[in-house]
Amino acid sequence: MRKVKGKIAVTLLFPVLLLGGCRTEYDRRDIFQYLKGQYDIPGFIVGNEPQEMKDGQGYTDYLWTVRLKNDSELVFHVLDDTGWGMESVSNYLWTDFDDVVMCRRYEEYGEMPRFTLEVTRDEEHDVMISSILTASFETKQQLQQLFRELQDFSEFYEENGYGTQIRVNLQMENPLRYRCAYVVDDGDYVSSPKAFTAKDYETARNKYILTCLDYRFEDQLKQFTQEEIAEALKDYRYCIGISRDGTEDGEPDYYDDLCANQFAYGVSFGTLYEILSREGIEIEGNSWHYSFQGIDGSLYEISYDFCDYPFETDTGTCNGYYYLKDGEKVPMAAYFYNHFTKREIREITGLVLTIGERK
């Protein structure tokens, strides 16, 4: 149970972090106060004694069983979880209340045909580890449909969810998701609000747009207006500018509808194609697969399909991206990189780019 709990406690639940490097002893009253601090619920019924259990690392944990006073059939847990922290052993509390409520309300609602509730459970101790509504989309229209369902469900949940959160993972069907050993999740919308609003939809839509802009998924970009694209780029940190005088100190001329990667990987294969085309460099192909003559006279061929180069990593051999220089394979800096740095672009093309917020 240790491996799963550690991840969930950080990302999905409500841990109480303990400082000082020693173990805190919790009693029944502490469990009650912890829950009252997390949820605005009339009353809890906390079991008299916790269940003692050993985790995978040999530490002793304590599992408290809890019920609601106004709904005794809704059973959940608080775990007093012990483990090795930064420098010493410590413990913290987390609860599966959000997930238990989520499962109950999802079953009661029963009208979300585009969604699946994915549940992870510790069967041995009957503890809920996580619950998350999942769905996928590949068009703007599908994303809109998903949010309509979420908004309807969240209205029901606001009245019946005890103020708990709705955890959601909307997966963009990114054409590059499974191209190499690294699974791309760019464009996914992961959130856990208590209710979904029009602002949440705009956030998901903007992330979708920025992903399509980054990789230059041209068919998907046709779905969006120039106003929507401008809105997505409005406060984006990784805009692309070009120095017209060819120097690092030159005033950058920013492209209105191009962007670099949100994780600072650089300029994608597809966006580099677009830059070369706009700068008048002779190029053959399209944003997915193209070739051109570099500033050094070499013939460069770049493609998202070039992703079977064997990289040696800490976990073994992983297939990853490369490009061709005069027919020879040149591996990218990391196996999952299909983006070039500014330095690499300058060496290959002579173009001097800047990446960052508009000046």
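Conventions we followed
- Residues numbered from 1 in each chain as written.
- Predicted model: local features only at pLDDT ≥ 70, side-chain atom pairs only at ≥ 80, totals over all residues.
- Heavy atoms only, no water.
- Helix = DSSP H or I, 4+ residues; strand = E, 2+ residues; numbered from the N terminus.
- Buried < 20%, exposed > 50% of the residue type's maximum accessible area, 1.4 Å probe, protein only.
- Areas by Shrake-Rupley, 256 points an atom, 1.4 Å probe, with all protein chains shown as cover.
- Lys, Arg positive; Asp, Glu negative; His and termini not counted.
- Charge placed at Lys NZ, Arg CZ, Asp CG, Glu CD.
- Salt bridge = Lys/Arg side-chain N within 4 Å of Asp/Glu carboxyl O.
- Pairing = 2+ DSSP bridges.
- Axes fitted to C-alpha atoms, helices over the stretch in contact; angles between N-to-C directions.

### Focus: the overall build of the protein
In terms of helices and strands, the protein carries nine helices and 21 strands. Principal-axis analysis of the C-alpha atoms gives the protein an extent of 80 × 45 × 35 Å. The buried share of the protein, taken over its 359 residues, is 49%. Of the roughly 18200 Å² that the protein leaves accessible, carbon and sulfur atoms contribute 45%. Counting 37 positive and 65 negative side-chain charges, the protein places the centres of these two groups 3 Å from one another.

### What about the pattern of salt bridges?
Scanning the entire structure with this criterion turns up 19 salt bridges. A salt bridge links Arg 205 to Glu 228, with the nearest nitrogen and oxygen atoms 3.8 Å apart. Taken together, the residues span a long stretch of sequence, with Arg 205 in helix H5 (residues 198–215) and Glu 228 in helix H7 (residues 226–233) at a distance of 23 residues. As far as the burial class goes, Arg 205 and Glu 228 line up, both buried. Connected through shared salt-bridge partners, Asp 98, Asp 99 and Arg 167 make up one network.

### Digging into the sheet that holds strand E19 (residues 328–331)
The strand order across the open sheet built from five strands is E13-E14-E15-E18-E19, with neighbouring strands paired in antiparallel fashion. Two strands close off the open sheet at either side, each with one partner strand: strand E13 (283–285) and E19. The sheet shows a mean angle of 25° between the axes of neighbouring strands, direction not considered. For strand E15 (residues 299–303) and strand E18 (residues 322–325), the ladder comprises two bridges, and the chain directions are antiparallel. Considered in E18, the bridge of Tyr 300 is made with Lys 325.

### Quick word on the pairing of strand E5 (residues 89–95)
Of all seven residues that make up E5, six are buried, and the element is covered over most of its length. Here strand E4 (residues 71–84) runs beside E5; their pairing, made up of seven bridges, is antiparallel. Bridging from a neighbouring strand, Gly 83 pairs with Ser 90 of E5.

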